[in-house]
Structure formats: C-alpha cells, structure tokens
Amino acid sequence: MSRFVRVAIVCALVLGVAGIALGQEGKEEKMTADQTQESYQRKSITYLGIVPATAVPDEDVGIIEKAIRKGIELKRFDYNAVNLGKVYTIDQFVAELREYVKKRAVDRAAAEAEYEARFKSARVLASDVDRIMNSAYFYMIKVVAFRASPKICPWDPIQAKAQKCTPGTAGIQAMVNATVTFWKADLGEGGQPPYYTLIKEVRHGPVKGFSSYEAPPKPPPDSAPDNIVQQFRQMLAAYTARLPQLQHDARLKAVAEAAGGLSLWLSKGMKQIPDFQLKTPVQAALSDGVEFMLGKDEGVRLDDTYDVTEFDASGKKKIIGYVKVRNIGEAKGTGEGTPSYAEKVKEKRKYVGGEQLYEHAMIGFAVGIHGVLQVALTDVIYKLRPDGTGEEEMGFYPGFGIYVDYDLAPTLGLSEFYFSLEGDVLLLGDEHNLVHAMLGFKKKWYITSLVVSVIGRVGINYYVLGDVDTGDEEPSLYGFGFDAGLGFEYYIIPEFSVYLKAMFRYFTAPLEEGYDEWYEPEMGVNASLGVFVAF
Amino acid sequence: MRKVATLFIAGLVISGLACTTVIVKEDTGPEVLLPGEMIESVDANTMLVKCTGIGPDQRIAIDQARKGCLEWVITNHLAQTPGEKQAYMAQQQNIFAKMDRYVNIPPPGARSGKGKGVKSQVRISDEEIKVIIITDVHKKALQDDLVAMGVIGSKDDMLEAVGMPTLMVHPSKANKGKKNRKIMEDLVNSYLTKAKWEVLDAKGVADLNKLVDAIGEVAEAEEDEAAKLALAVGADVYIIFEANKEKKGSSVAYSVGISAYETTTGRKLASETALSAAYANWTAGTESKAMMEGLNDAMGKVIPQITDYWKEDAPKGNRFTVVLKNCPKNTDMKLAPVMKRMCRFVKTKSFPTQVNFYAQCKGDNLELAGGLAEGIDAKLSGHEYEFVAKNANNLIIVFK
C-alpha cells in the first residue's frame with residue numbers, strides 16, 4: 001500500500017473519530033441555553049479572612065468583619081468559612097483542593113479519608129468541600145482606612161439629622177474604609193499556577209458613623225450654695241471615671257454604624273459582578289408585570305429592580321425596560337416551584353415573554369433636591385417686618401429643600417414604603433429664613449412610569465432671623481408641626497427621576513415664652529419641583 | 001309617516017349590511033415551518049427534539065416551534081413514503097389542532113441551562129422574535145393517531161402478519177469483564193421489554209453449551225460468541241452493547257454503543273453510539289443516570305432501523321441457518337439443490353467436515369426439517385444422522 005494511501009486512511013480515521021467525538025460533544029452544547037436565556041446558578045463562596053492594612057484595634061476589626069460579611073454572604077450563595085491564616089496560604093489551600101479533586105475522581109472514599117484530617121484543621125467539612133468544588137469562589141476583606149476620634153455633633157439641624165445625632169452633643173465619629181477582593185479557583189485538570197484568578201476588588205470611599213455619649217454634668221451657677229457645688233464636684237468626678245468606658249462604647253457603636261453603611265455599598269458592588277449578579281429569563285409577561293423563576297432561596301427582596309433586556313440576532317443586548325419585585329415566590333433551581341412577580345415601572349417596548357432579566361443592584365435610598373414655593377395663609381412674621389402695618393396678609397416664600405428616602409420594604413414587607421427625612425429653607429424676606437426638619441413616611445404607587453405617592457411627616461421649624469433685636473438672650477425659636485400631601489414622580493431610570501409635590505403644612509409659632517406673640521403659626525400649602533437620585 | 005319611517009329603517013339596515021366588511025380567509029395552503037433536530041431518544045415512546053419558531057410574542061413563537069417539532073418527527077420518522085407525506089400535509093391543521101397531545105409545552109428550564117425548555121430567544125424585527133426550544137415529542141401517541149387517521153400505514157398490522165423479530169442481548173467482548181456489565185444488560189433488556197419486544201434469554205435454553213458447540217464457527221460474525229448464542233436460542237436479531245465510562249475531572253459520562261445483527265447471516269443491521277451528558281460524579285445516582293441516558297439515546301436510534309429492516313425482509317420468508325456436522329463428502333453439492341427447491345437466497349459455506357446453509361424460506365422450521373430429511377435420505381442414503389436442533393431459525397444435523 002502506498003504511503004499516500006496509508007496517510008489518507010489515517011487522516012480519514014482521525015477525522016472520523018474526531019467527527020464522532022465532536023458530534024457527541026455537540027449534544028451537550030445543543031441542550032444548553034445561550035446568553036439570552038441565562039439563569040443565575042448558585043455559587044459557593046469561601047471566606048478567607050480579614051486583613052487590616054492599617055493599625056486597627058482587634059475589637060473594631062471584629063465589628064467591621066461582622067458588618068461586611070453580613071452584606072457579602074447573601075442567600076444567593078453557599079458559603080464556607082476557612083481559617084486559612086493559621087494553616088494555609090491561598091496557594092497552598094487551592095493546591096490541596098486540586099489534589100483532592102484529582103484523587104477523588106479515582107477513589108472517592110480513599111481521597112475523603114486522606115484529606116479529612118488536613119481540611120479539618122482549616123475548619124473545612126466534607127460537605128463544604130462538595131460546595132467549594134461546585135464553583136470555588138474565595139473572598140477576603142482588607143481594611144484600608146480607619147479612624148475614630150471625639151467630635152461634637154453639628155449644631156445645624158440638617159447636618160445633625162444626617163449624622164443622626166443631637167446637635168451639640170459630644171460623641172465619637174468613626175471613619176471606615178475597606179475593600180473586598182474575589183477570586184475564582186481552577187480545580188480542573190491542567191492549567192498554570194497560580195490556580196486561581198482575580199475576579200474583582202470591590203471598593204467604595206470611606207463611610208462615617210457617629211455615636212454620642214452622655215454629656216458631663218452642668219456646672220451650677222456661681223451663686224449656688226456650697227452643698228450644690230460639692231454635689232456637682234462629686235458628680236463630675238464620677239463622670240470622669242466613667243468617661244473612658246462611655247467613649248469606648250460610643251466608639252464601638254460608631255464603628256458599627258460606619259461599617260454597616262460601608263457594607264451596603266460593598267454589597268451593591270458585589271452584586272454587579274457578572275458571576276454573582278442574579279439573572280433569569282421572563283417566565284410569563286403579564287399586562288402589568290412579569291413572572292420569573294428566582295425567589296426566596298436567592299434572597300430576592302421586595303422592591304428589587306431588574307433590567308428587562310432583549311437580544312438581537314447579532315447577540316447585542318438592549319435594555320427595554322425595568323421592573324420592581326412585588327411578590328416573592330419559591331422557585332427552585334430545577335424549574336419547579338412558584339414564580340416571583342415584578343411590576344413594570346418602565347416599558348420602552350411591550351414585553352412579549354422570554355426577555356432576559358438582570359439584577360439592577362440598588363441600596364434602597366434616594367436623595368432629592370427641589371425648589372419650593374410656599375403660600376402661607378398668614379405671613380408668619382408680618383409683625384416683624386420693618387414696614388409692618390400690623391395687618392395680616394398672605395405669605396409667599398420661595399426656597400429649596402433636600403430629602404432622603406429609605407426603602408423599608410425589605411424590613412417591613414410592605415412594598416414602596418419609605419422612611420423620609422427632609423430639610424428645607426424658606427426665604428421669608430428681610431433676611432429672615434425659616435428652616436424645617438421633618439421625618440415621616442411615604443407610600444408610592446406605580447402606574448408604569450408615573451408614580452403617585454402619599455406623604456405624611458412631623459418635624460420642627462426654626463426661625464433664622466436677620467437683624468432683629470432679641471435682647472440679651474438668644475432665643476430658641478423652634479416650633480413643631482406636620483405636613484402631608486401628594487407627590488408625582490416620573491421614573492426615568494432606576495437612578496434618576498423627576499418629581500412634583502403638593503403639601504399642606506402646619507407648624508406652631510415658636511414655643512419659647514414671650515416670642516409667640518411676634519410670630520404667626522405657619523399654615524399653608526407648598527409645591528416643590530425637583531429631581532432625585534437613587535442608589 | 002309610518003311608512004316613511006319603516007322605509008328609512010329598512011334602508012339603514014340594508015346599507016349597513018352592504019357596508020359590512022366580509023372577511024374571506026384565503027386558503028394559503030399548509031403552514032411552512034422551520035425544521036427540527038433530534039437530540040436524543042428519551043425512551044421507546046418519547047423523543048427529545050430541538051425546534052425553532054417565529055412569532056410576535058413568546059407564546060406564539062413557542063407554538064410555532066412545537067408545530068415544527070411535530071412536523072419534523074412526522075416527516076422524518078413516521079411518514080416515510082411520498083404518499084404518506086402528502087397525506088400528512090392534507091391533514092396538517094387537524095393534527096396541529098391536537099398538538100398538546102403530542103408535543104409538550106417546554107417547561108421552565110433548570111438554572112444550569114441544560115435540558116428541556118426555551119434555549120434561546122432573539123428579536124429579529126420590530127414585530128417578530130425567534131425562539132429555540134427543546135421539548136418532548138410523544139412519538140407513540142402520534143404514530144397511533146396518524147394510523148387511525150389513515151395518514152400512515154400501521155406497523156403493527158404488518159408486523160402482526162409476519163411476526164415481530166425476537167431479540168437477544170449480549171455484551172461486547174470488551175465489556176464482558178466489566179463490573180457494570182450486568183447493570184447495562186438489565187437496562188437494555190428493560191428498555192426492550194417496555195417497548196414490547198420479545199427478548200430471549202440464553203440462560204433459559206437447555207443444553208445450551210451442547211447447542212453452541214454443535215453450531216461451530218459462525219462465519220463472518222464480528223462477535224462470534226454472541227452469534228452462536230443467538231443461533232442457539234433462536235433469536236432473529238442479536239444486540240451487542242458496549243458501555244464505556246468517560247471520566248473528565250470530577251464529572252462522569254457514558255459512551256454507549258449498540259449494534260444489531262441479523263442472526264443467521266451475521267449481517268449488521270444498525271450501529272449507533274451515543275454519549276450522555278457529563279454529570280458531577282460526587283452526586284449519588286449520576287453514574288447510572290448517565291448510563292441510562294446514553295443507552296436510551298442509542299437504542300432510540302437502533303430500534304427504528306431494526307424495525308425498518310424487518311418490515312422489508314420478513315415478508316420474504318424466514319431466515320434459517322442449517323448446520324450439518326460430520327457430514328460426508330460432497331454434502332454441499334448434493335443438498336444445495338434440495339435447499340434451493342424449498343428456499344430462496346441460499347448461501348453455502350463448506351468446511352472439511354461441516355456444511356452451513358444460510359437461506360430464506362417461506363416455510364417454517366419443521367417444514368424445512370422435513371424437506372431436508374427427505375433430501376438427505378434420497379441423496380445421502382446409508383448415512384445415519386440426527387436433528388440436534390430444530391429451532392425457529394436454525395437446524396443442526398449431526399451425522400454419526
């Protein structure tokens with residue numbers, strides 16, 4: 001047989017076998033959904049420990065670790081805690097796992113017996129190893145900045161409200177910044193060391209927290225009798241003895257608050273990593289929303305936002321709308337179970353079913369700024385006006401305001417129910433201003449992109465006067481009151497909307513005795529027009 | 001006045017009717033659908049098929065895809081002749097009206113993205129999307145209904161006339177010593193039994209070894225032992241299976257090869273290999289799942305080929321192997337004319353002391369034995385002999 005014929009036969013055999021092999025392997029690809037019908041698959045994530053890059057007391061490290069892990073170790077993962085620091089480096093641990101996987105393919109019982117002792121010292125159980133092998137993601141926390149120092153809470157009521165402290169109180173302000181780094185290990189055959197690849201280092205800026213502690217006792221007036229002075233000295237001595245503990249406790253609370261805030265941002269950053277992002281096809285398109293097969297097991301929450309996307313024939317993805325979760329089902333990974341339901345909040349093209357949903361990670365709070373025009377039935381300071389005639393007249397006050405809403409849906413189980421904090425400044429004219437600080441609740445209803453809300457709040461108002469002779473004492477010109485009204489928003493994208501509010505407002509005249517006769521109760525309506533940014 | 005009013009109202013009604021738009025639905029002929037693709041045979045009655053559909057929304061596109069699956073199975077597996085295909089086209093809408101009986105709606109897919117469900121969806125224009133689905137087609141139910149509608153001929157009627165072939169299952173030489181051999185054999189037997197095939201078991205045959213020895217060498221049979229056993233038990237077709245575990249890292253898959261041979265001639269009727277999906281080997285039960293998946297797939301492809309062969313060959317007569325051991329000289333030349341008078345397609349293999357005849361005869365084994373006995377008495381008188389076996393497809397005569 002000629003050489004050419006022999007080569008031709010060998011080539012034909014090789015191609016034939018390869019063809020069969022390719023054809024056989026093609027069945028698996030044929031049966032796998034493509035990116036247009038992708039679903040989130042449960043991941044196993046192993047915590048490797050926390051590394052303070054800067055000097056941080058152990059106690060505070062523990063608090064930061066706990067807060068950040070709470071934001072990272074979500075229901076969508078299986079997670080394992082491995083005490084690597086005392087046993088392995090990451091390289092050693094991954095190498096051990098790879099060897100275990102290889103030996104287990106040959107003889108499972110023998111491999112498990114051999115590695116039980118080794119993995120036990122790193123607190124890895126046999127059931128953990130199965131989960132680790134499933135997807136083999138690791139993460140580590142690094143504290144990059146930390147500071148805790150005494151501070152006085154700002155007197156400005158808006159700033160004080162933002163820092164959640166009583167104006168003028170002493171306390172500890174903590175500043176924490178940390179990053180979370182994710183890797184994926186390669187436990188298969190072949191490959192080059194190191195057998196793990198960096199997925200992403202999730203970062204955010206520093207976050208502050210504040211916690212006040214008990215104020216020192218007030219000194220008695222100079223004219224106080226000796227026994228009162230003696231009592232004061234004793235109280236001061238006792239306070240001084242307690243002060244280190246008070247500051248310590250306040251520091252821990254401030255660190256917990258800062259770390260908790262940071263954790264929200266890091267969690268959001270983690271959810272944006274494609275490997276960890278929830279995604280699923282639309283199971284059914286309804287007239288007012290969609291159903292999909294993710295649910296409690298993945299930690300889907302009320303009011304979570306999802307992008308609704310579709311793909312064209314070339315594979316290009318396009319967002320055609322947004323939905324927000326209103327009902328959480330118990331969908332299983334096998335396709336069984338009850339679906340979850342999400343309401344349409346934006347629809348650029350009619351949903352036809354089968355679109356791909358991608359989680360749009362949001363923290364659940366929004367900041368809005370607006371211009372406001374208030375019409376008061378009676379000018380509140382008409383008696384103080386330089387040209388005041390003593391006659392009552394209506395007041396027209398322009399101003400501006402800022403508000404923060406926080407979505408309580410995941411906590412209370414009531415969708416689109418917000419805790420609202422607002423501060424505004426009304427310009428009364430003649431260099432007088434009226435400041436309001438309010439807190440309350442807001443409930444929203446969506447008619448696709450048009451949002452109607454009902455708002456109710458209570459708060460304080462405070463007069464900031466221009467050149468007015470108030471005598472020797474500086475008065476506290478605070479009053480109390482409430483406002484209620486309707487809001488209308490237009491939902492543009494999850495992060496941005498415009499709104500219009502119409503509110504009825506009533507606040508008392510300043511409560512300080514002797515000043516009430518100079519001021520009128522504030523009663524009127526106002527309209528606000530503004531924009532808000534959601535996070 | 002009254003008359004005027006009546007006339008006016010009548011005029012309104014008539015003009016209303018005249019203006020009414022009458023929609024005449026034009027008969028556009030049979031629907032044109034996109035072709036499907038076989039994924040695997042789930043069991044004897046069900047196939048997993050991948051199909052494409054186009055529509056303005058997902059529900060309509062999925063229904064179009066299901067119709068495509070249905071049509072593909074009918075035109076590629078059931079309606080074989082041009083006449084049957086034409087008959088299907090004429091009844092297409094009636095069949096589609098009962099589509100839910102034959103084609104499942106694809107279920108919500110598993111998170112892994114594998115298996116049944118919607119596999120892909122893209123927008124191809126402002127009005128239309130294209131979906132690709134994988135779903136079950138209930139082939140048996142469809143076949144029964146098509147027979148009832150007169151679209152295709154009944155396989156059962158034909159097979160009732162000629163009889164179903166009997167089968168025997170045997171592991172390949174490479175698989176004989178493997179520890180999963182028994183499991184695999186049981187799976188194959190179970191598959192065939194559920195599909196109502198008659199499976200003969202070599203263990204049930206008395207004096208099997210004696211029979212096998214008497215058969216001697218079965219020329220041209222790739223798997224000689226299996227061929228001899230099949231002849232000894234009287235199976236029309238014997239099936240050789242080979243199952244190999246494919247290991248890759250921490251996953252396991254099975255490659256299953258099934259070959260079918262006609263017993264008397266050793267002619268290969270079908271040969272298919274199927275590879276199961278890879279499953280995580282640390283989860284219990286996945287190895288047998290992989291084995292069964294590969295087996296179902298391969299058997300699903302082989303069985304139709306056996307049936308097609310039998311439909312064509314059985315009406316021509318029964319196939320026999322006639323073995324004459326320790327026969328006198330020139331037995332082949334003396335008995336060949338005797339065989340040709342009773343049978344067609346007679347093929348002779350001569351050995352020093354043995355002659356094998358392979359023939360297809362209209363009569364059964366006893367008629368053939370009777371004719372042979374007369375022939376031997378006439379042409380080889382004086383030689384003593386006995387019939388060691390008069391099985392359904394083989395006769396063994398040993399001369400003393």
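Residues numbered from 1 in each chain as written. Chains lettered and ligands numbered in written order. Predicted model: local features only at pLDDT ≥ 70, side-chain atom pairs only at ≥ 80, totals over all residues.

1. Considering the overall build of chain B
Where we set the bar: Secondary structure elements follow DSSP: runs of H or I no shorter than four residues count as helices, runs of E no shorter than two count as strands, and numbering proceeds from the N terminus. The burial criterion counts other C-beta atoms lying within 10 Å of a residue's C-beta, which is placed from the backbone; the residue is buried at 20 or more, exposed at 12 or fewer, and partly exposed between these limits. Each residue gets a C-beta atom placed from its backbone, and two residues are in contact if those atoms lie within 7 Å.
When helices and strands are counted, chain B shows 13 helices and 15 strands. Considering chain B as a whole, with its 400 residues, one finds that 37% of them fall into the buried category. Look at the contacts in chain B between residues 6 or more apart in sequence, and 65% of them connect residues 24 or more apart.

2. Some thoughts on the overall build of chain A
Counting secondary structure elements, chain A contains 9 helices and 20 strands. Residue burial in chain A is summarised as follows: out of 535 residues, 34% are buried. Residue pairs in contact within chain A that sit at least 24 positions apart in sequence constitute 68% of those at least 6 positions apart.

3. Details of the interface of chain A and chain B
Taken together, the contact pairs 35 residues of chain A with 36 residues of chain B. Elements supplying a minimum of two residues to the side of chain A that touches chain B: helix 1 (3–30), helix 4 (90–106), helix 6 (126–135), strand 7 (279–285) and strand 9 (305–311) of chain A. Tallying contributions element by element places helix 1 of chain A first for the side of chain A that touches chain B, with 5 residues.

4. Looking at the domain arrangement of chain A
Residue and element names in this part refer to chain A. Applied cut-off: Segment limits for the domains were obtained from an automatic or database-derived domain assignment. Residue polarity follows a fixed list, in which Ala, Val, Leu, Ile, Met, Phe, Trp, Tyr, Cys and Pro are nonpolar, Asp, Glu, Lys and Arg are charged, and the others, Gly among them, are polar.
Segmentation of chain A into domains returns domain 1 (43–271), domain 2 (279–360) and domain 3 (365–534). Residue-level contacts link 4 residues of domain 1 with 4 residues of domain 2. The class makeup of the residues in the side of domain 1 that touches domain 2 is 1 nonpolar, no polar and 3 charged.

5. A word on the confidence of the model for chain A
Stated formally: Confidence of the prediction at every residue is given by pLDDT, a number between 0 and 100.
Confidence in the prediction of chain A, expressed as mean pLDDT, is 84, and 82% of residues score 70 or more. In the model, residues 9–25 of chain A has pLDDT below 50 throughout and makes 2 contacts with residues more than four positions away in sequence or in other chains.

6. Notes on helix 13 (residues 365–379) of chain B
Residue and element names in this part refer to chain B. Here is the rule: To estimate how far a helix should reach, multiply one less than its number of residues by 1.5 Å. This arc describes the spread of directions from the helix axis toward the C-beta atoms.
Over its 15 residues, helix 13 extends 20 Å from the first C-alpha to the last, a length consistent with the 21 Å expected when each residue adds 1.5 Å. Listed in full, the buried residues belonging to helix 13 are L368, L372 and I376. Burial along helix 13 is one-sided: seen end-on, the buried residues are contained in an arc of 70 degrees. Facing away from the buried side of helix 13, by more than 90 degrees, are the exposed residues L366, E374, D377 and A378.

7. Examining the sheet that holds strand 10 (residues 317–327) of chain A
Residues and elements named next belong to chain A. Put simply, the rule reads: When DSSP locates at least two bridges between a pair of strands, those strands are taken to pair. Interaxial angles span 0 to 180 degrees and are taken between N-to-C directions of axes, which are lines fitted to C-alpha atoms, for helices over the stretch in contact.
An order of 7-8-11-10-9-12 is seen for the 6 strands of this closed barrel, with the pairing classed as antiparallel. Shown here is a sheet whose adjacent strand axes are inclined to one another by a mean of 45 degrees, direction ignored. Relative to strand 10, strand 9 is paired through 7 bridges, and the arrangement is antiparallel. By the bridge assignment for strand 10, D307 is matched with Y322.

8. Topic: the domain arrangement of chain B
Partitioning chain B into domains gives domain 1 (37–149), domain 2 (155–315) and domain 3 (317–399). Taking the mean C-alpha position of each, domain 1 of chain B and domain 3 of chain B sit 52 Å from one another.

9. Examining the packing of helix 2 (residues 58–78) of chain B against helix 6 (residues 139–149) of chain B
Residues and elements named next belong to chain B. For clarity, the cut-off: Note on angle classes: values under 35 degrees are labelled roughly parallel, values over 145 roughly antiparallel, values of 65 to 115 roughly perpendicular, and the remainder oblique.
Direction vectors running N to C along helix 2 and helix 6 enclose 75 degrees, while the axes themselves pass 11 Å from each other. Between helix 2 and helix 6, the interaxial angle falls into the category roughly perpendicular. Counting all contacts with helix 2, which are made through V73, I74, H77 and L78, the residues of helix 6 involved are K139, L142, Q143 and L146. The class makeup of the residues in the contact of helix 2 with helix 6 is 5 nonpolar, 2 polar and 1 charged.

10. Quick look at the pairing of strand 8 (residues 289–292) of chain A
Looking along a regular strand, one sees side chains alternate from face to face of the sheet. All names here are of chain A. In terms of strand pairing, strand 7 meets strand 8 through 3 bridges, oriented antiparallel. Across the sheet, A284 pairs through a bridge with E291, a residue of strand 8. In sequence, strand 7 turns back onto strand 8 through a hairpin of 3 residues. Two elements, strand 8 and strand 11 (residues 340–347), share 4 bridges in a ladder whose sense is antiparallel. When the bridges of strand 11 are listed, G289 appears paired with E343.

11. Description of the sheet that holds strand 11 (residues 318–325) of chain B
Residues and elements named next belong to chain B. Spatially, the 5 strands line up as an open sheet ordered 12-13-11-15-14, and their pairing is mixed. Looking along the sheet, the strands with just one partner apiece sit at the ends: strand 12 (343–350) and strand 14 (385–390). Sheet twist, expressed as the mean angle between neighbouring strand axes with direction ignored, is 15 degrees. Judged from the 6 bridges that link them, strand 12 and strand 13 (residues 354–361) form a sheet pairing that is antiparallel. Residue pairing across strands places K349 opposite N356, the latter belonging to strand 13. In this fold helix 12 (residues 331–342) packs onto strand 11, strand 12 and strand 13, with an angle of close to 165 degrees to the strand it touches most, strand 12.

12. Focus on unusual backbone geometry
For T448(A), which is not glycine, the phi dihedral falls at a positive 50 degrees. Located in the positive-phi region is N326(B), a residue other than glycine, with phi close to 55 degrees. For N326(B), the location among the structural elements is in the loop between strand 11 and helix 12.

13. Let's talk about the nonpolar core
Convention followed: Here, a nonpolar core denotes buried Ala, Val, Leu, Ile, Met, Phe, Trp, Tyr and Cys residues that are linked to one another through C-beta atoms within 7 Å.
Counting 95 residues, the largest nonpolar core has Y238(B) and I239(B) as the members making the most contacts within it. In terms of residue count, the dominant contributor to this core is helix 11 (residues 286–313) of chain B (9 residues). Beyond its immediate chain neighbours, meaning those up to four positions away, I239(B) contacts L167(B), V169(B), V188(B), I258(B) and A260(B). By size, the runner-up hydrophobic cluster in this structure holds 48 residues, among which are V56(A), Y139(A), F182(A) and W183(A).

14. Describing the confidence of the model for chain B
Per-chain confidence: chain B averages 82 in pLDDT, with 85% of residues scoring 70 or above. Among the scores for the predicted complex, ipTM is 0.78 and pTM is 0.75.

15. Here we look at the environment of G113(B)
The residue G113(B) is located in the loop between helix 5 (99–102) and strand 3 (117–123) in this model. On the neighbour-count criterion, G113(B) (18 C-beta atoms within 10 Å) is partly exposed. Apart from the residues lying within four places of it in its own chain, the contact partners of G113(B) are T32(A), A33(A), Q37(A), E38(A) and S39(A).

16. Some details on the pairing of strand 11 of chain A
Residue and element names in this part refer to chain A. Among the 8 residues that make up strand 11, 6 are buried, leaving the element largely enclosed by the rest of the structure. Where strand 10 and strand 11 come together, 6 bridges link them in antiparallel fashion. In the strand pairing of strand 11, V325 is matched with A342.

17. Some remarks on the packing of helix 2 (residues 58–72) of chain A against helix 8 (residues 226–271) of chain A
Residues and elements named next belong to chain A. Filter applied, for reference: Crossings are assigned a handedness: left-handed for a near helix turned anticlockwise from the far helix by less than a right angle, right-handed for a clockwise turn.
At their nearest, the axes of helix 2 and helix 8 sit 8 Å apart, and the two run at 30 degrees to each other. It follows that helix 2 is roughly parallel to helix 8 by the angle criterion. Regarding helix 2 and helix 8, the two cross each other, and that crossing is right-handed. Contacts between helix 2 and helix 8 involve E59, D60, I63, I64, A67, I68, K70, G71 and I72 from the former and L252, V255, A256, A259, G260, L262, S263, L264, L266, S267 and M270 from the latter. When the residues that make up the contact of helix 2 with helix 8 are grouped by side-chain class, the tally is 13 nonpolar, 4 polar and 3 charged.

18. Focus: the environment of A33(A)
When you line up the elements, A33(A) lands in the loop between helix 1 and strand 1 (43–52). Once residues within four sequence positions are removed from consideration, A33(A) is found in contact with E38(A), G109(B), G113(B), G117(B), K119(B) and S120(B).

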